[in-house]
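Chain and residue survey
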Amino acid sequence: MSTANRSNTDSLAFLLTGIPGLEALHMWISIPFCFTYIMTLLGNSMVLLTVRLDKSLHEPMYYFISMLAVIDLTFSTAVVPKMLCVFWLDSREIGFEACFVQMFFIHTFTAVESGVLLAMSFDRYVAICNPLRYTTILTSSRTIQLGLLSLARGVGVMTPLMWLLTSLPYCKTRVIPHSYCEHMAVVELACADPSVSDLYSLIVATLLVGTDSVFITFSYGMILRSVMRLTSQEARLKALSTCGSHVSIILLFYIGGLLSMYLQMFSFGLAPHVQVLVADFYLTVPPMLNPLIYGIKIKQIQEGIFKLLRQLAGLSVSQAD
């Protein structure tokens with residue numbers, strides 16, 4: 001950022017409106033968001049603790065699920081606490097740096113989650129289409145490397161975007177008509193041409209989402225073809241059931257993200273508060289649902305959680321005695 005631009009932004013703080021037009025209902029609106037955040041913390045922490053303590057879950061698939069849990073915890077914590085401060089305390093001010101740090105976390109971990117979902121589709125492809133080589137192809141160290149590669153990719157492509165955005169001078173109204181520092185709403189406050197950052201963000205989004213979704217679709221297409229060749233109906237159902245939770249998470253992530261993005265870009269005649277609510281729910285609901293979907297769909301996770309709860313219950317009883 002240039003010296004002139006920095007002097008204009010050192011003391012700059014943005015103001016978040018929350019839900020435009022529904023400010024009087026903020027206290028009631030906060031209830032579902034507070035509930036989803038608590039459930040996100042409990043559900044994802046339970047998944048992490050279960051995978052950590054149950055040695056039978058020390059396999060690549062469960063490591064990827066743990067990565068998703070970490071992403072969901074980080075993603076939600078970057079957004080929801082400040083959102084609740086706006087709803088509960090009318091604490092609408094957010095500093096210039098804090099706003100872009102929040103935006104960086106949102107964009108980066110969205111990209112990281114896309115990369116992890118791609119790695120998970122590769123994991124299922126190898127497990128079903130080439131099971132004899134599964135343990136040699138997807139070792140624990142290689143699984144961790146894929147996770148770190150997804151993180152490095154997210155940070156690498158989003159850091160230049162943040163530099164482009166913070167280099168813009170912001171001299172218009174300080175009011176962001178959102179509950180968090182939503183990208184397009186913030187860029188609209190710039191008093192310089194943001195075409196370079198807009199082009200960069202469009203290219204990055206197209207390449208990341210486009211490339212990942214194409215490879216994910218290809219992986220599951222190959223999986224489906226391989227499953228249909230199985231002669232046993234029971235074997236088919238078992239193979240498909242192992243992919244059901246992954247497909248659910250993928251659809252929730254990509255369809256929800258595209259819906260939220262297009263509603264921010266084009267109003268389609270919707271009221272502003274509807275657009276904001278859709279964006280807020282996309283950032284808060286999937287992180288809550290992900291551990292629930294895995295807990296319901298994957299028997300090993302479900303059994304591990306029940307086992308952990310029984311151990312905790314037994315520990316509390318013994319301490320009471």
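For the structure given in this document, a descriptive report is provided here. Nothing here was measured: the structure is a model prediction, and the numbers come from that model.

Within the chain, the regular secondary structure consists of 11 helices and 3 strands. Reading the chain from its N end, one meets helices and strands in the order α-β-α-α-β-α-α-α-β-α-α-α-α-α. Per-residue burial over the chain gives 45% buried out of 321 residues. In the chain, of all internal contacts separated by at least 6 residues, the share reaching a separation of at least 24 is 78%. When the accessible surface of the chain is totalled, it reaches about 16200 Å², and 69% of it is carbon and sulfur.

Tracing the sequence through the fold places H183 in helix 7 (residues 183-187). Of the residues examined, H183 reaches a relative accessible area of 12% and is grouped as buried.

So, on to the pattern of salt bridges. The full count for this structure, using the stated rule, is 3 salt bridges. The salt bridge partner of R124 is D123, with a shortest N-O separation of 2.8 Å. Given a relative accessible area of 1%, D123 falls into the buried group. Residue D212 is joined to R153 by a salt bridge in which the shortest nitrogen-to-oxygen separation is 2.8 Å. You can see D212 sitting in helix 8 (residues 195-228) and its partner R153 sitting in helix 6 (residues 140-167), a full 59 residues away along the chain.

It is worth spelling out the packing of aromatic side chains at this point. As enumerated under the stated definition, the model contains 11 aromatic pairs in all. Taken together, the ring pairs in this structure connect F14, F96, F100 and Y170 into an aromatic cluster.

For the rest of this paragraph, the subject is the nonpolar core. Judged by nonpolar contacts, the single largest core of 74 residues is most densely connected at F14, L117, L165, Y170 and I176. Once you skip the residues sitting within four places of it in the chain, Y170 turns out to touch L12, F14, F96, F100, L165, V186, L189, A190 and C191.

Turning next to helix 8. Its 34 residues place the ends of helix 8 48 Å apart at the C-alpha level, agreeing with the 50 Å of an ideal helix rising 1.5 Å per residue. Listed in full, the buried residues belonging to helix 8 are S197, S201, V204, L208, D212, I216, S219, Y220, I223 and V227.

Once that is clear, we can look at the sheet that holds strand 3 (residues 175-176). Strand pairing in a sheet relies on backbone hydrogen bonds. The paired strands run either parallel or antiparallel. Here we have 3 strands laid out as an open sheet, ordered 2-1-3, and mixed in their pairing. Of all strands in the sheet, those bounded by a partner on one side alone are strand 2 (93-95) and strand 3. As defined by bridge partners, strand 1 (residues 13-16) adjoins strand 3 across 2 bridges and the pair is classed as parallel. If you follow L16 over to strand 3, its bridge partner there is I176. Where helix 4 (residues 96-129) meets the sheet, it contacts strand 1, strand 2 and strand 3, and its direction lies at approximately 85° from that of strand 2.

With that out of the way, let us pick up the packing of helix 3 (residues 60-89) against helix 6. At a minimum axis distance of 10 Å, the contact between helix 3 and helix 6 shows a crossing angle of 25°. Classed by the angle they form, the pair helix 3 and helix 6 counts as roughly parallel. Crossing of helix 3 over helix 6 shows right-handed handedness. For the pair formed by helix 3 and helix 6, the contact residues are P60, Y63, F64 and M67 on the first element and S140, T143, I144, L146 and G147 on the second. Grouping the amino acids of the contact of helix 3 with helix 6 by side-chain chemistry returns 6 nonpolar, 3 polar and no charged.

Turning next to the state of the cysteines. In a disulfide, the sulfur atoms of two cysteines are covalently bonded to one another. All told, the structure shown has 2 disulfides when counted by the stated rule. Residue C99 pairs covalently with C181 via a disulfide, S to S 2.1 Å. Disulfide C99-C181: torsion about the S-S bond near -130°, hence left-handed. Pair noted here: C99 is in helix 4 and C181 is in the loop between strand 3 and helix 7, with a separation of 82 residues, a long-range link. Of the two residues, C99 and C181, both sit in the buried class. Residue pairing for C171: its cysteine sulfur links by disulfide to C191, the two sulfurs lying 1.8 Å apart. The chirality of the disulfide connecting C171 with C191 is right-handed, given an S-S dihedral of about 135°. Taken together, the positions of C171 in the loop between helix 6 and strand 3 and C191 in the loop between helix 7 and helix 8 put the pair 20 residues apart, joining distant regions of the chain. Each disulfide of the chain joins two cysteines, and with those cysteines numbered along the sequence the arrangement is 1-3, 2-4.

Cut-offs used in this document
- Residues numbered from 1 in each chain as written.
- Predicted model: local features only at pLDDT ≥ 70, side-chain atom pairs only at ≥ 80, totals over all residues.
- Heavy atoms only, no water.
- Helix = DSSP H or I, 4+ residues; strand = E, 2+ residues; numbered from the N terminus.
- Buried < 20%, exposed > 50% of the residue type's maximum accessible area, 1.4 Å probe, protein only.
- Contact = heavy atoms within 4.5 Å.
- Areas by Shrake-Rupley, 256 points an atom, 1.4 Å probe, with all protein chains shown as cover.
- Salt bridge = Lys/Arg side-chain N within 4 Å of Asp/Glu carboxyl O.
- Phe/Tyr/Trp six-rings, centres within 6.5 Å; stacked < 30°, edge-to-face > 60°.
- Core = buried A, V, L, I, M, F, W, Y, C linked by side-chain atoms within 4.5 Å.
- Expected span 1.5 Å × (residues − 1).
- Pairing = 2+ DSSP bridges.
- Axes fitted to C-alpha atoms, helices over the stretch in contact; angles between N-to-C directions.
- Parallel < 35°, antiparallel > 145°, perpendicular 65-115°, else oblique.
- Left-handed = near helix turned anticlockwise from the far one by under 90°.
- Nonpolar A, V, L, I, M, F, W, Y, C, P; charged D, E, K, R; others polar.
- Disulfide = S-S within 2.5 Å.

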